[in-house]
Amino acid sequence: CVASESPRRLTQALWAMARRALIVAALVNVTVSKPFAFDDMAAPGPLTLQAHQLFYVYSAEDAPNARHGNATVIWRLALSPDFSAESPASTSELSRYGSVHFAVMPKPDFDAMVDSGSFCASAGSGDSMLSIRTNASDATIAVNPVSGNEFAQSSQKLNHTGVYVLAIANCGNLTGYKVLGRVGVLNPHGYLQAYDYGSVS
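(A) View of the sheet that holds strand 2 (residues 36-42). Pairing within the open sheet is antiparallel, and its four strands lie in the order 2-11-4-9. Two strands bound the open sheet, and with one partner strand each, they are strand 2 and strand 9 (152-158). Strand-to-strand twist in this sheet, taken as the mean axis angle between neighbours without regard to direction, amounts to 15°. Inspection of the sheet shows strand 4 (residues 71-81) paired to strand 9 by seven bridges, in the antiparallel sense.

If you want it as structure tokens, here you go:
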């Protein structure tokens, strides 16, 4: 039973699952730029990292049309009680919970940037956060913590061309909630897939 494994072995098993998700995503060619929607998705379990989507990102320097400047990650996310769960989280618990983190990071550097043995670290406030080795890549990484059941929108720039992966980490122990909202990458030319730009007349 997974729940009876040691924290180290549990982390390694969950890491292997995240890596398999990346491989499957690549094989079915779901590298996109349009927003990825979380439609009442069950939240990751405690101490779990999930890979959900691949985005192809253009920098303004490499883009054939850079009217929007460098690519921008746009977050609009919230957490909601999962009333189908055995023990749904309360809205007050979700408003105080700061251990859910979303990240968009370069796929080729994924292994170097995230420690498979310990991908969560203390945030110094009683919560934990996704730990990323930012010196493992010179590309920009976008990280967004989410808490509460009110939608919060924010944006962050990405300045390097390449394939990026959307990952979600639950670095705490809370269960019984869902993820709502969208994450998208606005490329310099818009939301059209980067490798399709120029093929539309």
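(B) Layout of the nonpolar core. Core analysis: the largest hydrophobic core is formed by 28 residues, its most contacted members being F38, W75, F102, V104, L166 and Y177. Beyond its immediate sequence surroundings of up to four residues, Y177 is in contact with A42, A43, P44, L79, S80, P81, D82, A89, L94, Y97, V100 and N170. A51, F110, C120 and I132 belong to the second-largest nonpolar core, a separate cluster that totals 17 residues.

(C) How the structure looks around the environment of S59. Mapped onto the elements, S59 comes out in the loop between strand 3 (48-57) and strand 4. A sequence separation of 98 residues divides S59 from K157, and the C-alpha atoms of the two residues are 9.7 Å apart. Those residues within four positions of S59 in sequence are excluded, and the remaining contacts are N70, N159, H160, T161 and P188.

So, how was this worked out
The residue numbers shown here count from 1 along each chain, following its written sequence. Local features in this predicted model are restricted to residues whose pLDDT is 70 or higher, and side-chain atom pairs enter the listing and the counts only when it is 80 or higher, whereas totals over whole chains, interfaces and linings include all residues. Hydrogen atoms and water are omitted, and side-chain values are computed over all heavy atoms in the structure. Only strands joined by at least two bridges in the DSSP assignment are considered to pair. For the purposes of this entry, the term helix denotes a DSSP run of H or I that reaches at least four residues, the term strand denotes a run of E that reaches at least two, and both are numbered from the N terminus. Structural elements are reduced to axes, namely lines fitted to C-alpha atoms, with helices fitted over the stretch in contact, and the angle between N-to-C directions of any two is expressed from 0 to 180 degrees. Put simply, buried Ala, Val, Leu, Ile, Met, Phe, Trp, Tyr and Cys residues joined by side-chain atoms within 4.5 Å make one nonpolar core. Relative accessibility decides the category of a residue: with a 1.4 Å probe and only protein chains considered, values under 20% of the type maximum give buried, values over 50% give exposed, and everything between is partly exposed. Residue contacts are counted whenever heavy atoms from the two residues lie within 4.5 Å of one another.

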